[in-house]
Amino acid sequence: MQPNFLEAEYCEQLLSTVRTTPGQPALVLPTNEQHILSPQDDPEHRQTEQLQLPEATTTTINQKLHQLQPTLVNHFNLSLSGMQPLLFYRYTQGSYFRVHCDSSTQPHAPHFLQARQISIIIFLNSPASDPQPGYYSGGSLIFYGLIDPSRWQSHGFPFPAQAGMLVAFHSNIWHEVQTVLSGERYTLVSWYI
């Protein structure tokens, strides 16, 4: 976890330029599936929009993520060779992403899923308990399977998100984004391979 990976002011400026940008439905690869589906094919699993980032923004953030790679190599004790493309997601009221993990060891899974080792999420805005402009409620990032023994495996732990914060975790950790109750939740996501 790295608070202020992006400055809050930078996040606000970015969101002010993209809030009205139309999004495309984000794709889904359900558990034990070999083919990626559209949300229309599996609406119960994911309702999220993917937006296009301005090229200059992508370049700036990719540079910061490249600089972070040695820290992640040391922290996770892994050999990382690069990153997959940075993706930009908007969760509007009613949006969610049910329990999933970002990688797969299934031999028939797409190569890009098999290659993922570390997932990163950068929060571009913060949650608030009451509806207010620029914030969202609900939409908690919940992690599962963090504590042994097995009786704790299904217990979820919410992550304390805030604008500009980065969280990195093993891509095989089960997690979800709970339903957004109000406002819009914005995140950047990528995977180190």
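Definitions and limits used
- Residues numbered from 1 in each chain as written.
- Predicted model: local features only at pLDDT ≥ 70, side-chain atom pairs only at ≥ 80, totals over all residues.
- Heavy atoms only, no water.
- Helix = DSSP H or I, 4+ residues; strand = E, 2+ residues; numbered from the N terminus.
- Contact = heavy atoms within 4.5 Å.
- 1 Å grid on protein atoms, 1.4 Å probe; cavity = no way out; pocket = protein on both sides within 12 Å on 5 of 7 lines; lining within 4 Å.
- Points joined across faces, edges and corners; volume = space filled by probe spheres on them.
- Nonpolar A, V, L, I, M, F, W, Y, C, P; charged D, E, K, R; others polar.
- Phe/Tyr/Trp six-rings, centres within 6.5 Å; stacked < 30°, edge-to-face > 60°.
- Buried < 20%, exposed > 50% of the residue type's maximum accessible area, 1.4 Å probe, protein only.
- Pairing = 2+ DSSP bridges.

## A few points about the environment of Gly138
Mapped onto the fold, Gly138 is located in strand S7 (residues 136–138). Taking the C-alpha atoms as reference points, Gly138 and Arg90, 48 residues apart in sequence, are found 14 Å from one another. Those residues within four positions of Gly138 in sequence are excluded, and the remaining contacts are Thr179, Val180 and Leu181.

## Examining the layout of surface pockets
As a volume, the second largest pocket reaches approximately 250 Å³. Met1, His75, Phe76, Val167 and Ala168 are the residues nearest the centre of the second largest pocket, which is lined by 16 residues in total. Of all the secondary-structure elements, those providing two or more residues to the lining of the second largest pocket are helix H2 (55–76), strand S9 (157–158) and strand S10 (166–170). Counting residues per element, the lining of the second largest pocket draws most heavily on H2, which supplies five residues. A class-by-class count of the residues in the lining of the second largest pocket yields 13 nonpolar, three polar and no charged.

## What to know about the packing of aromatic side chains
For the coordinates displayed, the defined rule picks out four aromatic pairs. Geometrically, the ring pair formed by Phe143 and Phe159 is edge-to-face, given 6.3 Å between the ring centres and 85° between the ring planes. Note that Phe143 is positioned in strand S8 (residues 141–143) and Phe159 in the loop between S9 and S10, a separation of 16 residues in sequence. Grouping residues by exposure puts Phe143 and Phe159 together as buried. Taken together, the ring pairs connect Phe123, Phe143, Phe159 and Phe169 into an aromatic cluster.

## What about unusual backbone geometry?
A positive phi is found at Asn4, a non-glycine position, where the angle reads about 55°. Accessibility expressed as a relative area gives 46% for Asn4, which makes it partly exposed. You will see that Asn77, though not glycine, has its phi angle at about 55°, which is positive. Looking at the element boundaries, Asn77 is found in the loop between H2 and strand S4 (87–91). Residue Asn77 is classed as exposed on the basis of its relative accessible area, which comes to 69%.

## Re the sheet that holds S9
In any sheet, the strands associate via hydrogen bonds between backbone groups, in a parallel or an antiparallel arrangement. The sheet built from five strands is open, its strands ordered S2-S5-S11-S8-S9 with antiparallel pairing. Two strands close off the open sheet at either side, each with one partner strand: strand S2 (46–47) and S9. Direction of pairing for S2 relative to strand S5 (residues 96–100): antiparallel, over a ladder of two bridges. Each bridged residue has a counterpart across the sheet, and for Gln47 the counterpart in S5 is Tyr96.

## A short note on the sheet that holds strand S3 (residues 49–51)
Read across the open sheet, the six strands follow the order S1-S3-S4-S13-S6-S10; overall the sheet is antiparallel. The open sheet has two edge strands with one neighbour each: strand S1 (24–25) and S10. Examined bridge by bridge, S1 and S3 share two bridges and lie antiparallel to one another. Considered in S3, the bridge of Pro25 is made with Glu49.

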